[in-house]
Amino acid sequence: MTTLQNDTFLRALLRQPTDYTPVWLMRQAGRYLPEYKATRKRAGSFLGLAKSPAYATEVTLQPLDRYPLDAAILFSDILTVPDAMGLGLYFSDGEGPKFERPLRDEAAIQALRVPEPDSLRYVFDAVTEIRRALQGRVPLIGFSGSPWTLACYMVEGGGSSDFRTVKSMLYKRPDLMHHILELNAQAVAAYLNAQIEAGAQAVMIFDTWGGTLADGIYQEFSLAYMRRVIAGLIREHEGRRVPAIVFTKGGGLWLEDIADSGADAVGLDWTVNLAQARARIGARCALQGNLDPNVLFADAPQIEAQVARILASFGSVSAGAGHVFNLGHGISQFTPPDAVSVLVKAVHEQSRAYHGPAA
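This one's a predicted model, so the numbers in the text were calculated from it and none came from an experiment.

Q: Can you break down the side chain of aspartate 207 residue by residue, with the values?
A: Following the sequence through the fold, aspartate 207 ends up in strand S5 (residues 202-207). No salt bridge is formed by the buried aspartate 207, whose closest oppositely charged neighbour, arginine 227, lies at an N-O distance of 11 Å. Side chain to side chain, aspartate 207 and serine 146 meet in a polar contact 2.6 Å long. Aside from chain neighbours lying at most four places away, what touches aspartate 207 is Ser146, Trp148, Thr149, Tyr218, Ser222, Met226, Phe247, Thr248 and Lys249.

Next comes the structure, spelled out in structure tokens:
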């Protein structure tokens, strides 16, 4: 693998000195880019895109060719793992992902198995191909859904507005839910480790639906299993630390608990006050976030002002502190591409005042 030319993102995650605040965007390779839409059309479907290492490489690099971002993230989907478990992933137009065989009875749950590594070979091949294509420009992030978030889709059979089916199982049959989560934790740890061995230089766990849980229930059914995943991760590869990021959307109540999970960084959604989060977490780990994605529908002066507000909220990036600029959730498919140019430029230019001796 080529020597890394820009490791600012990795150093920020490890709370090491940087010249500026690095920036990347959740869903940065996606439907807001016209070049992505063109590639997806050639691939024929989302799964055709995601399951082709060549196409996945192409769309992963598209935002890097447009913007001076500080990290690339593997183009894939969080539902590749349950798909490899035999649940039959498919996509309906306008309805999002669905499973042909959701987990609705005890027999199906007891029959669930951790997927064989070869069933996800296309993902690992994509990681290796992306690393090669990046030629050391920036680090590559691998990722997975959290055990709880995967379980939500696996039991509901798709997205949900109230999570009634999965929560009913959690409260009625916690033994079955723990069984699913234990297998998911094993599968996610193995999946992320295989991505690391294939070339991922940092990994992120997306706990998209952790914030739907009650206090106490979150710690037992989501955070506990993310802890298991983190404890099982490869933390050194290619001679350097492989940082792990945990992002629970709606998890502002539990920042201290998340910071104690063993992760190197905690992702924040836009509802969290960054200065307060820094004070609560201290030097335990870095922070990532947390611009409201809808800011990108404003004009350039407003985008620049919101960048300034977030950077000021975090404050001086002193020794033992680390901040990675990101959105508080994924970028909207309707975002004007030029707005991202304004954002990235503003972060890079404005953040330098918060770094170094003068900071």
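Next comes the rest of the write-up.
Q: Let's hear about the layout of surface pockets: which residues, and what values?
A: A volume near 1300 Å³ is recorded for the largest pocket. Residue lining of the largest pocket: 38 residues in total, with Arg27, Arg31, Phe46, Asp77 and Phe91 positioned closest to the centre. Only helix H2 (34-43), helix H3 (46-50), strand S2 (89-92) and strand S3 (96-99) provide two or more residues apiece to the lining of the largest pocket. Taken together, the residues of the lining of the largest pocket sort by class into 19 nonpolar, twelve polar and seven charged. Along the walls of the second largest pocket sit 15 residues, with Leu4, Arg131, Gln201, Glu238 and Arg240 positioned nearest its centre. If you list the elements that add at least two residues to the lining of the second largest pocket, you get helix H7 (121-134) and strand S7 (240-241). Looking at the lining of the second largest pocket residue by residue, the classes come out as six nonpolar, five polar and four charged.

Q: How would you sum up the pairing of strand S4 (residues 140-145)? Please name residues and give values.
A: Most of S4 is tucked away, with six of its six residues classed as buried. In terms of strand pairing, S4 meets S5 through five bridges, oriented parallel. Bridge pairing links glycine 142 to valine 203 in S5.

Q: Before we move on, could you go through the nonpolar core and cite the residues and values that matter?
A: In terms of nonpolar packing, the biggest core is built from 131 residues, with Phe9, Met177 and Leu343 touching the most fellow members. A total of 14 residues in this core trace back to one element, the largest contributor, which is helix H10 (residues 174-198). Look past the residues within four positions of methionine 177 in its chain and what remains in contact with it is Trp148, Ala151, Val155, Val166, Met169, Leu170 and Phe221.

Q: Outline the pattern of salt bridges, listing residues and values.
A: For the structure on display, the rule yields 17 salt bridges. Between glutamate 35 and arginine 66 there is a salt bridge; the shortest N-O distance is 2.8 Å. Remark: arginine 66 occurs in helix H4 (residues 53-66) and glutamate 35 occurs in helix H2; sequence separation between them is 31 residues. Here the residues in one salt-bridge network are Asp7, Arg11 and Arg240, joined through shared partners.

Q: Provide a residue-level description of H10, including the pertinent values.
A: Taking 1.5 Å of rise per residue, the 25 residues of H10 would be expected to cover 36 Å, and the 35 Å separating its terminal C-alpha atoms lies within 8% of that figure. Two residues or fewer past H10, glycine 199 is found with a positive phi of approximately 140°.

Q: Which residues make up the pairing of strand S8 (residues 244-248), and what values do they have?
A: Among the five residues that make up S8, five are buried, leaving the element largely enclosed by the rest of the structure. Residues of S8 alternate between two faces, with Ala244, Val246 and Thr248 on one and Ile245 and Phe247 on the opposite face, all of them buried. Strand direction decides the pairing type here: S5 and S8, joined by five bridges, are parallel. Its bridge partner being in S8, aspartate 207 is matched across the sheet by threonine 248. Two strands pair when backbone bridges link them, and S8 and strand S9 (residues 265-267) are joined in this way by three bridges, in the parallel orientation. Residue pairing for S9: phenylalanine 247 is matched across the bridge by glycine 267.

Q: Explain helix H5 (residues 80-87) to me, and be specific about the residues and the numbers.
A: Because an α-helix completes one turn every 3.6 residues, residues spaced three or four positions apart along the sequence face the same direction. Across the eight residues that make up H5, a large majority, six, are buried. All buried positions along H5 are accounted for by Thr80, Val81, Pro82, Asp83, Met85 and Leu87. Contacts made by the buried residues of H5 are with S2, S3, H7, helix H8 (147-156) and H10. Just past H5, the residue glycine 88 takes up positive phi, approximately 75°.

Q: Pulling in residues and values, what's your account of the packing of aromatic side chains?
A: Counted by the stated rule, this structure contains seven aromatic pairs. Ring geometry for phenylalanine 46 versus phenylalanine 91: centroids 4.9 Å apart, planes at 50°, classification tilted. Of this pair, phenylalanine 46 sits in helix H3 while phenylalanine 91 sits in strand S2, and the two are 45 residues apart along the sequence. With centroids separated by 5.0 Å and ring planes inclined at 55°, the aromatic side chains of phenylalanine 163 and tryptophan 209 adopt a geometry described as tilted. Of this pair, phenylalanine 163 sits in the loop between H8 and helix H9 (164-172) while tryptophan 209 sits in the loop between S5 and helix H11 (217-231), and the two are 46 residues apart along the sequence. Residue class for phenylalanine 163 comes out buried when judged on its relative accessible area of 5%. One residue, arginine 278, lies across the ring of phenylalanine 314, its end atom 4.3 Å from the ring centre.

What counts, and where the lines are drawn
- Residues numbered from 1 in each chain as written.
- Predicted model: local features only at pLDDT ≥ 70, side-chain atom pairs only at ≥ 80, totals over all residues.
- Heavy atoms only, no water.
- Helix = DSSP H or I, 4+ residues; strand = E, 2+ residues; numbered from the N terminus.
- Buried < 20%, exposed > 50% of the residue type's maximum accessible area, 1.4 Å probe, protein only.
- Lys, Arg positive; Asp, Glu negative; His and termini not counted.
- Salt bridge = Lys/Arg side-chain N within 4 Å of Asp/Glu carboxyl O.
- Polar contact = N/O pair within 3.5 Å; in protein donor to acceptor, adjacent residues only side chain to side chain.
- Contact = heavy atoms within 4.5 Å.
- 1 Å grid on protein atoms, 1.4 Å probe; cavity = no way out; pocket = protein on both sides within 12 Å on 5 of 7 lines; lining within 4 Å.
- Points joined across faces, edges and corners; volume = space filled by probe spheres on them.
- Nonpolar A, V, L, I, M, F, W, Y, C, P; charged D, E, K, R; others polar.
- Pairing = 2+ DSSP bridges.
- Core = buried A, V, L, I, M, F, W, Y, C linked by side-chain atoms within 4.5 Å.
- Expected span 1.5 Å × (residues − 1).
- Phe/Tyr/Trp six-rings, centres within 6.5 Å; stacked < 30°, edge-to-face > 60°.
- Lys NZ or Arg CZ within 6 Å of the ring centre and 35° of its normal.

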